[in-house]
Amino acid sequence: MGKIVWAWALLLGVFAYSDGLESRCLACHKEQQIPNHLIYGRYLEQYSAEKNIKNAMYDYLINPQKKHSIMPPQFFLKFPMKEKRSMDERTLRQSVEQFIQKFDIKKKLVLDKSSH
């Protein structure tokens, strides 16, 4: 019985963790039709290493300004400038981590088995 309770608690924790990104960030992105894959792609092109991407995203979200954005100025003609939000450091870092996990293109890469 204890294992079942523990398993449910773990499952609910994972669901709450993954739902946090949706409620904190992606709900607005979806409403404003912001292309998240494009944003992540630009970070990947500019910073390549996951650690560098995380740090750059975090720095931008702490102090969102057009001059610190990875997006070109034309992007802001169509999409609104990110407003600074009061989010504690831990939650913000978790959100950045979740964003990267959700939009990471490495998950979409498939190697042909015959190429080995």
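Refer to the structure printed above.
Heads up: these notes are all about the structure in this document. (Residues numbered from 1 in each chain as written. Predicted model: local features only at pLDDT ≥ 70, side-chain atom pairs only at ≥ 80, totals over all residues. Heavy atoms only, no water.)

**Considerations on the overall build of the chain**
For the record, the criterion: Helix and strand labels come from DSSP, where a helix needs a run of H or I of at least four residues and a strand needs a run of E of at least two; each type is numbered from the N terminus. The rule is simple: take the accessible area with a 1.4 Å probe, protein chains only, and divide by the maximum for that residue type; under 20% is buried, over 50% is exposed, in between is partly exposed. Here a residue-residue contact requires only that any non-hydrogen atoms of the pair lie within 4.5 Å. Method for areas: the Shrake-Rupley scheme with a 1.4 Å probe, in which residue coverage is limited to the protein chains shown.
Looking only at helices and strands, the chain has five helices and zero strands in total. Along the chain, from the amino end to the carboxyl end, the secondary structure elements read α-α-α-α-α. Residue burial in the chain is summarised as follows: out of 116 residues, 27% are buried. Looking at the chain alone, contacts between residues at least 24 apart form 69% of all its contacts between residues at least 6 apart. Working note: accessible area of the chain is about 8,800 Å², and carbon and sulfur atoms make up 59% of it.

**Describing the state of the cysteines**
To keep it simple, the criterion reads: Criterion for a disulfide: a pair of cysteine sulfur atoms at a distance within 2.5 Å.
Per the counting criterion, the structure on display carries zero disulfides. Just so you know, Cys 25 is unpaired, no disulfide at all, and the nearest cysteine sulfur is the one on Cys 28, 8.8 Å from it. Note on Cys 28: relative accessible area 44%, which makes it partly exposed.

**Here's the deal with the pattern of salt bridges**
Stated formally: Here a salt bridge means any side-chain nitrogen of Lys or Arg lying within 4 Å of a carboxyl oxygen belonging to Asp or Glu.
Applying the stated criterion to the full structure yields three salt bridges. Here Glu 97 makes a salt bridge to Lys 54, at a shortest N to O gap of 2.5 Å. In this pair, Glu 97 is assigned in helix α5 (residues 89-103) and Lys 54 in helix α3 (residues 50-62), connecting sequence segments 43 residues apart. Judged by relative accessible area, Glu 97 falls into the partly exposed class, the value being 22%. The exposure class assigned to Lys 54 is partly exposed, which follows from its relative accessible area of 24%. Residues joined by salt bridges that share partners form a network here, namely Glu 50, Lys 54 and Glu 97.

Coordinates in, geometry out; function isn't part of it.
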